[in-house]
Amino acid sequence: MPLVSVRISGLRGESVKKNLGPLIGLAAVYLLFCLWAGEPFYSNFNRVTVLTQSVIVTAGALGMTLIIISGGIDLSAGSVIALSTVVIAKLLEAGWSPLAAAGAGILIGGACGAANGLLITRLKLVPFIITLGTLLVFRGTATGLADEQKIDAPITWLNTMLAKFPEPAWLIVAPGVWATLLLAVVVALLLRNTVLGRHIFAIGSNENTARLCGIRVERVKLALYSLAGTLIGFAGLMQFSRLTVGDPTAAKGMELDIIAAVVIGGGSLSGGEGSVTGSVAGAMLMAVIRNGLSMKGVPNWVQDVLTGSIIVAAVTMDRLRHRSGG
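Along each chain, residues carry numbers from 1 onward, in the same order as the chain's sequence is written. Only residues with pLDDT of at least 70 get local features here, since the model is predicted, and only at 80 or more are side-chain atom pairs given and counted; chain-wide, interface and lining totals rely on the full set of residues. Hydrogen atoms and water are omitted, and side-chain values are computed over all heavy atoms in the structure.

Draft legend 1. Here's a closer look at the overall build of the protein. Helix and strand assignments come from DSSP, with helices taken as H or I runs of at least 4 residues and strands as E runs of at least 2, each series counted from the N terminus. In terms of regular secondary structure, the protein is built from 13 helices and 2 strands. Every radius of gyration here is taken over C-alpha atoms, with the globule rule written as 2.2 Å times N^0.38, N being the number of residues. In terms of overall dimensions, the protein is globule-like: its C-alpha atoms have a radius of gyration of 19 Å, near the 20 Å expected for 326 residues. By its C-alpha atoms, the protein is 55 × 50 × 35 Å across when sized along the principal axes. Each residue's exposure class comes from its accessible area (1.4 Å probe, protein chains only) as a fraction of the maximum for that residue type: buried when under 20%, exposed when over 50%, partly exposed otherwise. Across the 326 residues of the protein, 51% fall into the buried class. Residue contacts follow a heavy-atom distance rule, with two residues in contact if any of their heavy atoms lie within 4.5 Å. Residue pairs at least 24 apart in sequence account for 79% of intrachain contacts in the protein once pairs closer than 6 positions are excluded. Of the roughly 14,900 Å² of accessible surface on the protein, a fraction of 68% belongs to carbon and sulfur atoms. We score Asp and Glu as negative and Lys and Arg as positive, and we do not count His or the chain ends. The atom standing in for a charge is NZ when the residue is Lys, CZ when it is Arg, CG when it is Asp and CD when it is Glu. The positive charge centre, built from 24 side chains, and the negative charge centre, built from 16, are 11 Å apart in the protein. Accessible surface area values rest on a Shrake-Rupley calculation with a 1.4 Å probe, where residue burial reflects the displayed protein chains alone.

Draft legend 2. Spotlight on unusual backbone geometry. Positive phi values are uncommon outside glycine, yet glutamate 148 reaches one of about 60 degrees. The topology assignment puts glutamate 148 in the loop between α6 (127-145) and β1 (151-152). Of note, the phi angle at isoleucine 172 is positive, near 70 degrees, even though the residue is not glycine. Note that isoleucine 172 resides in the loop between β1 and α7 (175-193). Its relative accessible area of 59% is what places isoleucine 172 among the exposed residues.

Draft legend 3. Structural detail: helix α10 (residues 217-243). For a helix, the expected span equals 1.5 Å multiplied by the number of residues minus one. With 27 residues, α10 extends 38 Å between its outermost C-alpha atoms, agreeing within 8% with the 39 Å of an ideal straight helix rising 1.5 Å per residue. In terms of burial, α10 is largely enclosed, as 19 of its 27 residues are buried.

Draft legend 4. The nonpolar core, seen in detail. Only buried residues count toward a nonpolar core. Its members are Ala, Val, Leu, Ile, Met, Phe, Trp, Tyr and Cys residues joined through side-chain atoms within 4.5 Å. One finds Ile81, Leu158, Leu237, Met238 and Ile258 to be the most contacted residues of the largest nonpolar core, which totals 67 residues. Every element with two or more residues in this core is listed here: α1 (2-37), α3 (44-69), α4 (77-93), α5 (98-123), α6, α10, α11 (254-264) and α12 (276-295). Look past the residues within four positions of leucine 237 in its chain and what remains in contact with it is Ser84, Ile88, Ala102, Ile106, Leu158 and Met161. Formed by 23 residues, the second largest nonpolar core is a distinct cluster that contains Leu62, Ile67, Ile203 and Ile215.

Draft legend 5. Quick peek at the packing of helix α8 (residues 195-205) against α10. Every axis corresponds to a line fitted to the C-alpha atoms, with the helix fit spanning only the stretch in contact, and the corresponding angles, defined between N-to-C directions, vary from 0 to 180 degrees. At their nearest, the axes of α8 and α10 sit 10 Å apart, and the two run at 110 degrees to each other. The angle between α8 and α10 falls in the class roughly perpendicular. Along this stretch, α8 crosses α10, giving a crossing that reads as left-handed. Across the interface between the two elements, Leu196, His199, Ile200 and Ile203 from α8 touch Val217, Val220, Lys221, Ala223 and Leu224 from α10. Looking at side-chain class alone, the contact of α8 with α10 contains 7 nonpolar, 1 polar and 1 charged residues. Here is the rule for angles: anything less than 35 degrees is roughly parallel, anything more than 145 is roughly antiparallel, 65 through 115 is roughly perpendicular, and the remaining ranges are oblique. Should the near helix be turned counterclockwise from the far one by less than a right angle, the crossing is left-handed, whereas a clockwise turn marks it as right-handed. For this scheme, ten residues count as nonpolar: Ala, Val, Leu, Ile, Met, Phe, Trp, Tyr, Cys and Pro. Four count as charged, namely Asp, Glu, Lys and Arg, and the remainder, Gly too, count as polar.

Draft legend 6. Structural detail: the packing of α5 against α10. At a closest axis distance of 6 Å, the pairing of α5 and α10 adopts a crossing angle of 150 degrees. In the crossing of α5 with α10, the sense of the turn from one axis to the other is right-handed. Only Glu218, Lys221, Leu222, Tyr225, Ser226, Gly229, Thr230, Gly233, Phe234 and Leu237 of α10 make contact with α5, whose side of the interface consists of Ala102, Gly105, Ile106, Gly109, Gly110, Gly113, Ala114, Asn116, Gly117, Leu118, Ile120 and Thr121. Of the residues belonging to the contact of α5 with α10, the class tally is 9 nonpolar, 11 polar and 2 charged.

Draft legend 7. Summary view of the environment of leucine 107. Take leucine 107: it is sitting in helix α5. For the pair formed by leucine 107 and isoleucine 151, sequence separation is 44 residues and the distance between their alpha carbons is 19 Å.

Draft legend 8. Fine view of the environment of alanine 153. Within the secondary structure, alanine 153 is located in the loop between β1 and α7. Assessed through its relative accessible area of 12%, alanine 153 is described here as buried. Along the backbone, alanine 153 and glutamine 239 are 86 residues apart, and their C-alpha atoms lie at a distance of 13 Å. Here alanine 153 is in contact with Ala89, Leu92, Phe240 and Thr244, once residues within four sequence places are set aside.

Draft legend 9. Geometry of the side chain of glutamine 303. Inspection of the secondary structure assignment puts glutamine 303 in helix α13 (residues 300-325). Classification of glutamine 303 by relative accessible area gives buried; the value is 5%. Discounting chain neighbours no more than four positions away, the residues touching glutamine 303 are Arg290, Leu293, Ser294 and Val298.

Draft legend 10. Main features of α3. Taking 1.5 Å per residue as the helical rise, α3 with its 26 residues ought to reach 38 Å, and the 35 Å between its terminal C-alpha atoms agrees with that figure. Bend is computed residue by residue as the angle between axes fitted to the seven residues ending at the residue and the seven residues starting at it. Remark: the principal bend of α3, roughly 45 degrees, maps to valine 55. Where α3 terminates, the next one or two residues include glycine 71, which has phi positive at roughly 90 degrees.

Draft legend 11. Structural detail: the side chain of threonine 134. You can see threonine 134 is positioned in helix α6. A relative accessible area of 6% means that threonine 134 is categorised as buried. Threonine 134 has contacts with Ser76, Asn116 and Leu119, leaving out every residue within four places of it along the chain.

Below is the structure:
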């Protein structure tokens, strides 16, 4: 265990420096758009809009951060979000209370994460292959539950969780923004101050060494995929609040945005590196770019090209840094 402790201590010592990059990048991009787009961009209304728009990807990125630090990946995140919206809408339609329906939507995300964890640990296959398969399974399940159409749910307080003008007004931003911030703090504390957090970093740094040090790798992976799925289920609740319907076609491709947020924020696809601060900054950076470009009337395909280029650059820099470190 001493080798693992030394490794984790080193990672923590470097984390402050690594977090500065995404935060500086976010500040620089925001300033650039302030100068380019002018007052409409940095108005209070637009700041609230950007925060609200970033919530779903940020919530998903919290779960993906745990997975990527452990050296895994989850391509089924977008499908889980869609399934969660369908479950919530279906239960509301059946007369469930909003709180119970929201809890069920979040728990279905945890169940999907647990299924991914079980398949990965039992079949001993790489997460990429497993979650590529469950991407289709969960999306198909959502489509079947919804009878291949959107589900119009009754209007409840769940529809106000991402309201730009929340009630009461002293909340300033939507309740969903505050809830996501609270979850970010909890996940950050889990990674920094718990045994599970240390084991996640250890497995991502070197799984064989972690196993030799007595870490029960399979149990940790099952726990972290379940927890990550629960956080992605919460992202599904936020998606439902935005759409106000259960939509089996929702969040197609959103797993790429979620993964990109973690990578842009300093998470390494090789495992062992990543932080909540970086992932949140990465999600905010993407939201700022999309919002600013849309405000200037830049076509969607240009936005996709730019976002993809940023992802490639982030992965390339991570690879070069690992080579130089080696």
